[in-house]
Amino acid sequence: VYTAILSDIESARGLMHQKEWEAVYAYRFSTLSVDAMESRVRLYMGNWKEAYDAAERILVQKSTLEDLNDPEAKLPNNYTSAEMITAYEFFNDDVTSASILIPAFMEKYDANKDLRRNKYYSLSGDKYISKKSGKAEHNCTFRTGEIYLNAAEAAAQMNKLPEARTRLLQLMEKRYTPEGYAEKKKAVDAMNQADLIKEILEERALELAFEGHRWFDLRRTTRPRIEKVIDGKTYILEKDDARYTLRIPQAAIDANPELQH
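Reading the values: the criteria
Numbering of residues starts from 1 in every chain and runs along the sequence as written. With the structure being a predicted model, the display of local features is reserved for residues of pLDDT at least 70 and the display and counting of side-chain atom pairs for 80 or more, all residues being used for whole-chain, interface and lining totals. As a convention, hydrogens and water are excluded, and side-chain values are obtained from all of the structure's heavy atoms. A pair is scored as a salt bridge if a Lys or Arg side-chain nitrogen falls within 4 Å of a carboxyl oxygen belonging to Asp or Glu. Labels follow the DSSP assignment, with helices taken as runs of H or I lasting at least four residues and strands as runs of E lasting at least two, numbered in each case from the N terminus. Relative accessibility decides the category of a residue: with a 1.4 Å probe and only protein chains considered, values under 20% of the type maximum give buried, values over 50% give exposed, and everything between is partly exposed. A fitted line through C-alpha atoms serves as each axis, taken over the contacting stretch for helices, and the angle formed by two N-to-C directions is quoted from 0 to 180°. In what follows, roughly perpendicular refers to angles from 65 to 115 degrees, roughly parallel to angles under 35, roughly antiparallel to angles over 145, and oblique to any angle outside these ranges. Two helices that cross are described as forming a left-handed crossing if the nearer one is turned anticlockwise from the farther one by less than a right angle, and a right-handed crossing if clockwise. Pairs of residues are marked as contacts when any of their non-hydrogen atoms sit within 4.5 Å. Take the buried residues of types Ala, Val, Leu, Ile, Met, Phe, Trp, Tyr and Cys, join any two whose side-chain atoms come within 4.5 Å, and each joined set is a nonpolar core.

A. Quick look at the pattern of salt bridges. A full pass over the atoms with the stated rule returns 30 salt bridges. With its nearest N and O atoms 3.3 Å apart, the salt bridge here joins E38 to R42. One end of the pair is E38 and the other is R42, both in helix α2 (residues 31-45) and four residues apart, which spans about a single turn. The class of E38 is buried, set by a relative accessible area of 7%. On the basis of relative accessible area, R42 is assigned to the buried category, the value being 16%. A cluster of three or more residues bridged by salt bridges with shared partners is formed by E83, D114, R116, K132, R143, R175, E203, E207 and E211.

Take a look at the structure:
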């Protein structure tokens, strides 16, 4: 499957000639889209060098980030944001108010230093819901925020720690208050490889929440045990649970029975 995907990416590379489109046509793929797709696929494959190289090809051409220290900053996954590469996919259409964040996740955002807590979420009663979804303006397939994280993770996995720190901190500077960033920079600069990779993965969870990445990041990394209590009932996904592998939909099997083999 990966061979077929990579072949399609290379075919697309020869067909794409437009670097970027104006916002109204941001759903169209571009030369940056091709590298963004390769960066994500290579990251999922664990092809660290190729993932890093693809991410860096993008960042030398487009490195803009929304600065959340600016009160006028847009949500990064808004199709007109400074970060947008491709605005095609639309997540969480009519379930935004039903997707309630568990308190343990909200606590990961420092209430006084992480600007995303108030930018990305709002209170509905006593529950937090996402502001990053539910409207057509939140179409997002690829954006530079993800690319910084791809580059940082791939570099860290190759033990290129200065490069990994640089890309991670460039994103953090736009997401934390100046005081919060100073603390993060001091901590990141002191991290060894294992701790830095852990920090980057944590930032992926905080930065890319509600954009369709979390399941895949859990699946390709630690596949942890997850326990949630909803209306008094406990639901558990065990570590390395078989359900971390999504089955092929029955409708697809019905259409092509050979998929069972």
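B. Broad picture of the packing of helix α6 (residues 144-157) against helix α9 (residues 193-207). Closest axis-to-axis distance for the α6/α9 pair is 9 Å, and the angle between their directions is 160 degrees. Regarding the angle of α6 to α9, the classification is roughly antiparallel. Judged by the sense of rotation from one axis to the other, the crossing of α6 with α9 is left-handed. Along the contact surface, α6 presents E146, L149, N150, A152, E153, A156 and Q157, while α9 presents Q193, L196, I197, I200, L201, E203, R204 and E207.

C. Structural view of the nonpolar core. F105, Y121, L168, L196 and I200 are the most contacted members of the largest nonpolar core, which totals 46 residues. Within the residue set of this core, elements represented by two or more residues are α2, α3 (48-59), α4 (103-106), α6, α7 (161-172), α8 (178-189) and α9. By residue number, the principal contributor to this core is α6, which donates eight residues. Dropping the residues within four chain positions of it, L196 is found in contact with A156, L161, A164, R165, L168, V188 and M191.

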